[in-house]
Amino acid sequence: MAIMMTVYMDSGPHTVRGLSAGLNISKPAVTRALDRLGELDFVRRMKDPDDKRSVLLRPSVPGSVFLTDFAELIVKASKTSD
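Residues numbered from 1 in each chain as written. Predicted model: local features only at pLDDT ≥ 70, side-chain atom pairs only at ≥ 80, totals over all residues. Heavy atoms only, no water.

### Digging into the packing of aromatic side chains
- Considering all chains together, one arrives at two aromatic pairs under this definition.
- Ring geometry for F42 versus F66: centroids 4.9 Å apart, planes at 25 degrees, classification stacked. In this pair, F42 sits in the loop between α3 (27–39) and β1 (43–47) while F66 sits in helix α4 (residues 61–80), placing the two residues 24 residues apart along the sequence.
- Here F42 falls in the buried class, since its relative accessible area comes to 14%.
- For the ring pair F66 and F70, a centre distance of 5.9 Å and an interplane angle of 10 degrees mean the geometry is stacked. Taken together, the residues F66 and F70, both in helix α4 and four residues apart, mark about one turn of the helix.
- Note on F66: relative accessible area 29%, which makes it partly exposed.
- By relative accessible area, F70 is classed as partly exposed at 33%.
- Members of the aromatic cluster, each reached through a chain of ring pairs, are F42, F66 and F70. (Phe/Tyr/Trp six-rings, centres within 6.5 Å; stacked < 30°, edge-to-face > 60°. Helix = DSSP H or I, 4+ residues; strand = E, 2+ residues; numbered from the N terminus. Buried < 20%, exposed > 50% of the residue type's maximum accessible area, 1.4 Å probe, protein only.)

Written as structure tokens, this is what we have:
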């Protein structure tokens, strides 16, 4: 969730190396999480036009919908606990 929130909330471009350093987790862990987020179509990968060895990450529409729905659930849950 931290990776997804970073990609959606912080200005990019985002890379595996940058996410790993920023979130203080290993690059393999970031890659595994991105594999799963990619399977769900929550995050998309694209080649960096300036550096062909690097992959940039970008948000997707299904990911935005998921986060919107998730935020609504949190708000709803906080109102019922008051």
